[in-house]
Amino acid sequence: MSAKNPLGNTPNTSANTQFHGLDAVRLTLPDGSTAVISAFGAQVLSWVPAGGGERLYLSPKADFSGKAPIRGGVPVIFPQFAERGPLPRHGFARTAAWALEEWREQPEAEEGGFACAVYSLQADEATRALWPHDFKAELTVALTRDRLDIELEVENPGSEALEFTCALHTYLRVKEVENATLTGLHGSRRLLPGSQETKIESGPELMVEDEVDDVYLNVPRPLLLKDGRQALAIASEGFTDVVVWNPWETKCAGLPDMPANGFRHMLCVESAAVGKPVSVAPGEAWWGRQTLVTLDAA
Ligand code: TA6
């Protein structure tokens, strides 16, 4: 699909492209930072900040057929998180063909430039068959030197309140998950598996040494993921909750689109609205944003 690009398409700048056979946009800044977003799922599949390496985990066994969810990057989970409702697991947005509305770049902007892409998805026969509601969703991905912003906006064009759960299911790449630490969740309430009860997280930092699949409610502050010399700040706006997931060895072995040791190189830290579904009044809109910023040691 071609979309508006007011600045034209010149070498070493952003471009419509193909990624593993899928229509995609590659955002590129003069400082070398890049991000790739596929129209299938409006899924960010790669993010390389200036002077650094890949920061998202994309499984080498991911399915790019355009018929199944892609394992890695940042799947957009909407309008249902996991199995919290009657829809297919994690809803339909991650397997939908989103429309590329626009992409643009301002390479001359201050601090190394700016590029962004905007995708949209609206109710059609297929979504109404699963979820009988009108909606218009927009996913905006903005790249600057050391920062990636991903924003999901959902409008309610209908005449009744629109309720949903959602997440940006971000697969962060780590060198070795057992050496990574995640700070910022202390004092937040963690939902106990299979119940509505919660427990206050008391540890100052989270280390992953086994399977983890936890929902933290109303997380009030940005998180920090440290992984050797790499560090990443993870901030959310609009999304109240955070989900942390690593399948560990046994569950990973049961995932046909993951290599056996894949769990060692990923940690999902998801900005989510899960504990309390989002409710959007007729004619109104909701948005949530996840911001990733590299703070790597020089
Ligand atoms: O967000 C965590 C989670 O809901 C886990 O329970 C885990 O199964 C993961 O998502 C991946 O789900 P998927 O359907 O992509 O295999």
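Residues numbered from 1 in each chain as written. Predicted model: local features only at pLDDT ≥ 70, side-chain atom pairs only at ≥ 80, totals over all residues. Heavy atoms only, no water.

K.L.:
Looking at this structure, how should I read empty space enclosed by the protein?
P.N.:
By rolling a water-sized probe across the atoms, one finds the places where empty space is left. Overall, the coordinates contain two cavities of 30 Å³ or more when judged by the stated rule. Roughly 40 Å³ of volume is contained in the largest cavity. Lining the largest cavity, in full, are Arg55, Leu172, Arg173, Leu225, Asp227, Gln230 and Leu232. Put simply, the parts of the chain that give the lining of the largest cavity at least two residues each are strand S11 (171-173), strand S17 (223-227) and strand S18 (230-237). Residue classes in the lining of the largest cavity are distributed as three nonpolar, one polar and three charged. In this model, the second largest cavity occupies a volume close to 30 Å³. (1 Å grid on protein atoms, 1.4 Å probe; cavity = no way out; pocket = protein on both sides within 12 Å on 5 of 7 lines; lining within 4 Å. Points joined across faces, edges and corners; volume = space filled by probe spheres on them. Helix = DSSP H or I, 4+ residues; strand = E, 2+ residues; numbered from the N terminus. Nonpolar A, V, L, I, M, F, W, Y, C, P; charged D, E, K, R; others polar.)

K.L.:
Whenever I open this one, the nonpolar core confuses me. Can you help?
P.N.:
In summary, soluble globular proteins display a tendency toward joint burial of nonpolar side chains. Counting residues in each nonpolar core, the largest one holds 74 residues, and the members touching the most others are Trp98, Phe135, Leu152 and Phe164. With seven residues, strand S20 (residues 266-280) is the largest single contributor of residues to this core. Dropping the residues within four chain positions of it, Phe164 is found in contact with Phe78, Pro79, Trp131, Val154, Pro277, Val278, Val280 and Trp286. (Core = buried A, V, L, I, M, F, W, Y, C linked by side-chain atoms within 4.5 Å. Buried < 20%, exposed > 50% of the residue type's maximum accessible area, 1.4 Å probe, protein only. Contact = heavy atoms within 4.5 Å.)

K.L.:
Explanation requested: the site of the ligand in the structure shown.
P.N.:
Every residue lining the ligand is accounted for by Arg71, Phe81, Ala82, Arg89, His90, Arg94, His169, Asp213, Val243, Trp245 and Glu270. Between the ligand and Arg71 there is a distance of 3.1 Å, counted from an oxygen atom to a side-chain nitrogen or oxygen. Glu270 places a polar side-chain atom, nitrogen or oxygen, 2.9 Å from an oxygen atom of the ligand. For the ligand, whose free accessible area comes to 390 Å², the fraction covered by protein is 84%. Among the detected pockets, the ligand sits in the largest pocket. Classifying every residue of the shell around the ligand by side-chain character gives four nonpolar, two polar and five charged. (Near = heavy atom within 4 Å. Polar contact = N/O pair within 3.5 Å; in protein donor to acceptor, adjacent residues only side chain to side chain. Areas by Shrake-Rupley, 256 points an atom, 1.4 Å probe, with all protein chains shown as cover. Sits in = over half its atoms within 2 Å of the grid points.)

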